[in-house]
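# Summary of structural features
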Amino acid sequence: MAIRTVGVVGCGLMGAGIAETMARGQYNVIVREINAEVLQRGLERLQQSMATAVAREKMSQWDADAAWARIRGITDLEDMAECDLVIEAAVENLDLKREVFAALDRITPAHAILASNTSSLSIAAIAAATRPERRDKVIGMHFFNPVPVMKLVEIIRSVVTSDETFATIRDLSVGLGKEVVVAKDYPGFIVNLLLIPYLLDAVRALELGIASQEDIDKGIQLGLNHPMGPLTLLDFVGLDTTLFIADAMFAETGDARYAAPPLLRRMVSVGLNGRKVGRGFYEYGKK
Ligand code: CAA
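Residues numbered from 1 in each chain as written. Predicted model: local features only at pLDDT ≥ 70, side-chain atom pairs only at ≥ 80, totals over all residues. Heavy atoms only, no water.

### Details of the side chain of Thr161
- By the element assignment, Thr161 lies in the loop between β7 (152–157) and α6 (163–175).
- Looking at Thr161, its side chain comes within polar contact range of the main-chain oxygen of Val138, at 2.9 Å.
- In this structure, Thr161 is in contact with Asp136, Val138, Ile139 and Phe166, ignoring residues within four places of it in sequence. (Helix = DSSP H or I, 4+ residues; strand = E, 2+ residues; numbered from the N terminus. Polar contact = N/O pair within 3.5 Å; in protein donor to acceptor, adjacent residues only side chain to side chain. Contact = heavy atoms within 4.5 Å.)

Next comes the structure, spelled out in structure tokens:
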């Protein structure tokens, strides 16, 4: 199926990155946020990321301008009526995602594929919010932050996702220059199944006073050659986002590996959500 117009629900860290990647991949993009102010912030982040790409000579100014011209910001979901594919990148909350999918099912044309960038929630549970005839067109399309830089798209098929939907999303992802891995609809899929216990263990190590946060990060970064230590990565992903994912995985599996340590919960309670707000485990320049 030919995809020309891609809707992106949410213009936060992930939504902005997905919208940028789609526009750079020649798609017309309609990106939606809940109000004009939040939308404006998201679009500024997107422009800043493209400016970085131009400054690093990853794309020309001409291509950046052309990509920008393909992006339209909206605040009303009803304006997604012409989308062939919508990628939802709202917060990690099943009820909210189900509301969005029920609305998109009503608004978008019958051929449209509805994808979720969920990090851990069940694709089948999200698909169940749509009418039975749409459910084979619901799929997980999980990107990684920063989306324009990270090579991977994790594709998740629910038990009723069709081969055609899967093939369309796989080919589109490859066309964007991404590598694809395919996972079963199981909490955390591949990457977060392994990443979340690791990140939570890093917070537990800090909580237990095993080492300073700098040394926990340095130990992993230099000892394992990771680009970032786990606490820096938590700041990068967002402590709130990580907590949402861990709580969702714990709720579904009851597995203690996903039980969030109190320190993480306390930090999120007072808004120390990481780099995007200027402070998490570390402090960052004013955002
Ligand atoms: N567009 C295109 N390219 C860009 C770019 C942009 N907007 N911004 C930067 N780049 C390029 C740079 O030019 C550079 O390219 P070269 O290597 O060819 O020179 C490359 O991207 C790396 O950028 P930087 O030099 O600025 O920065 P860095 O080397 O310090 O790397 C990083 C930054 C890529 C974020 C790196 O620290 C990293 O990989 N960190 C780990 C990120 C990670 O694990 N992300 C996944 C989190 S989990 C998630 O997202 C999903 C979930 O469900 C929780």
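Further notes follow.
### Regarding the site of the ligand
- Taken together, 23 residues lie around the ligand, and Arg56, Lys58, His142, Asn145 and Asn192 are the ones closest in.
- Contacts to the ligand include Arg24, whose side-chain N or O atom sits 3.3 Å from a nitrogen atom.
- Burial of the ligand by the surrounding chains reaches 66%, relative to a free accessible area of 1,100 Å².
- Elements that contribute at least two residues to the shell around the ligand include exactly α2 (36–55), α7 (191–207) and α9 (230–237). (Near = heavy atom within 4 Å. Areas by Shrake-Rupley, 256 points an atom, 1.4 Å probe, with all protein chains shown as cover.)

### Observations regarding the pairing of strand β6 (residues 138–142)
- Within β6, 5 of the 5 residues are buried, leaving the element largely enclosed by the surrounding structure.
- Of the two faces of β6, the one lined by Val138, Gly140 and His142 and the one lined by Ile139 and Met141 are each fully buried.
- In this sheet, β7 lies alongside β6 in antiparallel orientation, the contact comprising 3 bridges. Residue Met141 lies in a different strand from β7, and its bridge partner there is Ile155. (Buried < 20%, exposed > 50% of the residue type's maximum accessible area, 1.4 Å probe, protein only. Pairing = 2+ DSSP bridges.)

### Focus: the side chain of Ser116
- Mapping Ser116 onto the fold places it in strand β5 (residues 113–116).
- Owing to a relative accessible area of 1%, Ser116 belongs among the buried residues under this scheme.
- A polar side-chain atom of Ser116 sits 3.0 Å from the main-chain amide nitrogen of Thr118.
- If near-sequence neighbours (up to four positions away) are discounted, Ser116 is found in contact with Glu88, Lys97, Phe101, Ile126, Ile139, Gly140, Met141 and His142.

### So, helix α4 (residues 94–107)
- With 14 residues, α4 ought to run about 20 Å at 1.5 Å a step, and its terminal C-alpha atoms sit 20 Å apart, in line with that.
- Against β1 (5–9), β4 (85–88), β5, α5 (123–127) and β6 lie the buried residues of α4.
- Taking the backbone nitrogen of Asp95 as reference, a side-chain oxygen 3.0 Å away marks Asn93 as the first, capping residue of α4. (Expected span 1.5 Å × (residues − 1).)

### Describing the domain arrangement of the protein
- According to the domain assignment, the protein contains domain 1 (5–184) and domain 2 (193–277).
- On a C-alpha basis, the centres of domain 1 and domain 2 stand 26 Å from each other.
- At the junction of the two partners, domain 1 supplies 9 residues and domain 2 supplies 7 residues.
- When domain 1 packs against domain 2, close to 680 Å² is buried across both sides, 70% of that on carbon and sulfur atoms.
- Summed over the shared surface of domain 1 and domain 2, the number is 1 residue pair in polar contact (both at pLDDT 80 or more).
- Its residues assigned to classes, the side of domain 1 that touches domain 2 shows 4 nonpolar, 4 polar and 1 charged. (Domains from an automatic or database assignment. Buried area = accessible area lost by both parts, 1.4 Å probe. Nonpolar A, V, L, I, M, F, W, Y, C, P; charged D, E, K, R; others polar.)

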